[in-house]
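Spelled out from the first residue to the last, the chains are:
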Amino acid sequence: MDSYRIKQFSYKFICYTFLIILFLICVLPIYMLLINATRTTEAINAGFSLIPGTNIINNWNIIQGFGINIPLGLRNSLIIAISTTFLSVYFSLLTAYAINIYDFKFKKAFYGFILAMTLVPMNLYLIGFFQYMHHLGMLNSLTPMILPSIAAPGTVFFFKQYLDSALVPELIQAARIDGATEFEIFNKIVLPISKPGAFTMAIFAFVGSWNAFMGPLFIIGGNINLHTLPLIMQRLQGDAFRTDFGAIYLGMAISLIPIIIVYSIFSKYIVSGITLGSVKE
Amino acid sequence: MNTKNKKLVKDYWGYIFIAPFIIIFIIFALYPIANTFFLSFTNANIIHGMPGNIIGFNNFISLFNDPMFIRALQNTWLLWLGNFIPQMILALVLAAMFSSTTFKLKGTGFFKAIYYLPNLLMPVTVAALFQHYLTLHGPINSFLVGTTGLMSEPRNFLQFATDTRFTVMFIQTWMWFGQTAIVLVSGMTSISPSYYESAMVDGASQTRMFFKITLPLLKPVLLFVLVTSLVGGMQMFDIPLLLSDGPLGPPDMSVLTMNMFMRARMNHPANAIGSAAAVSVILFFISSFVALILFRVFRTDEQKQQKKQRRVETNG
């Protein structure tokens, strides 16, 4: 019995050591970035530190002098992320609801098609989309960044599974008897019922849009006034002559902080949401 | 009877509700995909008028004769395998720890949340961040040379092909191991405890149960992780581009991926959008083909396993 206890103790000790090392590997690079954002370039060059500096305002002023407009980037990122999140969640839920509740021709084929499309790499449509938008003269505008999010196969797939377990058909019948129109039923009954799932999907859609780089690079890369934060980060990184590391670290920190805040509030939602869209056995 | 009639009457609403999806999908996804396929058979050029002439399979032939494309193809696979294998091992170890019922670890929710955090960070910033950390005066050099004295002089890591590749693999692993571990944990906890109970009665060890029960029953989840990681890995772009700080993945094109090559074909001086389209078509076929093989391999294996299990259960 004693040897069993020693064995169990040493097993736990090894496990926790391993977990804590991984914890440090995950957190230290981010923590050091936040610290460096508050330090002077001289201090950063002299060596790393785990204690914040006092140079954050000065670093901000240096960024302003770069000719890189971070507030504008924040605004662009927010406009695109919020509108794509809203559109993809609303219309994906609407599509999934239609598949869930109505019987219509080609319904099965349509759903099968959506499933297949979730596996197609976005890369396959990017070049064709770029040439098409170029042809229409719509490159470097917000429309091609926002409108396509109405058709998000992955989100439809998630909501279809979600509604299968969350929606009671009798409720819809009862609302019909009360004289509600189909559109009212969706907006006033189905939307509120689906709130938890919609919220999870909204977070993932927001983060996806916030971090997206390749799509925006092709579609709005040519218009500096529309650049989102990832494109601004690339410009910040691209000018190799810049040696104001404090300011560069501050710029990088600004691109990460909103997501870190959102995550620290909703991490439970997000972590449990990861597996929702994956495998259901 | 009445309700059924009512339901049938309302069913045209199905078409109305899926209409926005279908219209937008056709305009902004289906047509562009068809357009990519079409462009891949043309010599369309961004500067000399877009449509170009149809040139058959010439784009594909010249791509496979282009050492730079072959290099990009090899790099993409190398970088994907180099992050997928360690990521999978790490995630399996973590998932085994998190779901272990004999040694109940505390704080697993907290560790899961922290390990997932890198996955949410902007890849562009992450790559730029590691690039700064690895410079001559960066914290990694100052730690290895100054603080610990493990190295006698600073090393300009990203000037070396191997170091740059290793860094890309490290960043990818860093960003994805938590996500994979969480998916595996949910797969493991859905395995019925009765399998383990009967194995324990037979006196099977923890390791033996892991390899004989957990892994085989985890196959659908492993397949999901493998396929999504593959489809994503073949499109690797942000991290190698920003880390190496050059469109062709310097030094010595060591981290030039297929998507980076595609962008290089499209940009100045080539401006060859037809050739770029051919790259994405190849990329699509490679990932679909490999995914299809994986589906086959895993499915037959799973069925075999189930048969075997059933036989063992009826015999024993």
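Right above here is the structure, for reference.
A quick note: this is a predicted structure, and the numbers were derived from the prediction, not measured. (Residues numbered from 1 in each chain as written. Chains lettered and ligands numbered in written order. Predicted model: local features only at pLDDT ≥ 70, side-chain atom pairs only at ≥ 80, totals over all residues. Heavy atoms only, no water.)

(A) Looking closely at the overall build of chain B. When helices and strands are tallied, chain B shows 14 helices and zero strands. Ordering the α and β elements of chain B from the N terminus gives α-α-α-α-α-α-α-α-α-α-α-α-α-α. Rg of the C-alpha trace for chain B: 25 Å, well past the compact-globule value of 20 Å for 316 residues, more than 25% over. Viewed in the frame of its principal axes, chain B has a C-alpha envelope of about 80 × 75 × 35 Å. In chain B, which comprises 316 residues, the proportion classed as buried is 50%. Across chain B, contacts joining residues at least 24 apart in sequence account for 68% of those joining residues at least 6 apart. A total of about 15,100 Å² of accessible surface is found on chain B, and carbon and sulfur atoms cover 66% of it. (Helix = DSSP H or I, 4+ residues; strand = E, 2+ residues; numbered from the N terminus. Rg over C-alpha atoms; globule rule 2.2 N^0.38 Å. Buried < 20%, exposed > 50% of the residue type's maximum accessible area, 1.4 Å probe, protein only. Contact = heavy atoms within 4.5 Å. Areas by Shrake-Rupley, 256 points an atom, 1.4 Å probe, with all protein chains shown as cover.)

(B) A look at the packing of aromatic side chains. One pass over the full model with this rule turns up 45 aromatic pairs over all chains. Counting every residue linked through ring pairs, the aromatic cluster contains F86, Y90, F91, Y97, Y102, F183 and F186 of chain A together with Y12, W13 and F17 of chain B. Across from the ring centre of Y111 of chain A, 5.1 Å away, lies the NZ or CZ of K160 of chain A, which sits over that ring. For R155 of chain B, the ring lying beneath its charged end belongs to F160 of chain B, and the centroid distance is 3.9 Å. (Phe/Tyr/Trp six-rings, centres within 6.5 Å; stacked < 30°, edge-to-face > 60°. Lys NZ or Arg CZ within 6 Å of the ring centre and 35° of its normal.)

(C) Molecular detail of the layout of surface pockets. Residue and element names in this part refer to chain B. Taken as a whole, the second largest pocket spans an internal volume of roughly 800 Å³. A per-element tally of the lining of the second largest pocket places helix α10 (residues 206–217) first, with six residues. Classifying every residue of the lining of the second largest pocket by side-chain character gives 16 nonpolar, nine polar and one charged. (1 Å grid on protein atoms, 1.4 Å probe; cavity = no way out; pocket = protein on both sides within 12 Å on 5 of 7 lines; lining within 4 Å. Points joined across faces, edges and corners; volume = space filled by probe spheres on them. Nonpolar A, V, L, I, M, F, W, Y, C, P; charged D, E, K, R; others polar.)

(D) Region of the structure containing helix α14 (residues 245–274) of chain A. Its 30 residues place the ends of α14 of chain A only 35 Å apart at the C-alpha level, less than the 44 Å of an ideal helix rising 1.5 Å per residue. A maximum bend of about 85 degrees is found in α14 of chain A at F266 of chain A. (Expected span 1.5 Å × (residues − 1). Bend = angle between axes of the 7 residues up to and from the residue.)

(E) Molecular detail of empty space enclosed by the protein. This structure, assessed with the given rule, holds three cavities of 30 Å³ or more. In this structure, the largest cavity encloses a volume near 40 Å³. What lines the largest cavity is M32, N36, R39, I44, G47 and F48 of chain A together with H137, G138 and P139 of chain B. When its residues are assigned to classes, the lining of the largest cavity shows four nonpolar, four polar and one charged.

(F) Representation of the interface of chain A and chain B in the model. Of the residues lining the interface, 95 residues belong to chain A; the matching set on chain B comes to 95 residues. Between chain A and chain B, roughly 8,800 Å² of surface is buried when both sides are summed, and carbon and sulfur atoms account for 78% of that area. Where chain A packs against chain B, one counts zero salt bridges. Where chain A packs against chain B, one counts 19 residue pairs in polar contact (both at pLDDT 80 or more). Among the elements that take part in the side of chain A that touches chain B, helix α1 (residues 2–36) of chain A stands out by supplying 18 residues, more than any other. The class makeup of the residues in the side of chain A that touches chain B is 71 nonpolar, 18 polar and six charged. (Buried area = accessible area lost by both parts, 1.4 Å probe. Salt bridge = Lys/Arg side-chain N within 4 Å of Asp/Glu carboxyl O. Polar contact = N/O pair within 3.5 Å; in protein donor to acceptor, adjacent residues only side chain to side chain.)

Keep in mind these values describe shape, not function.
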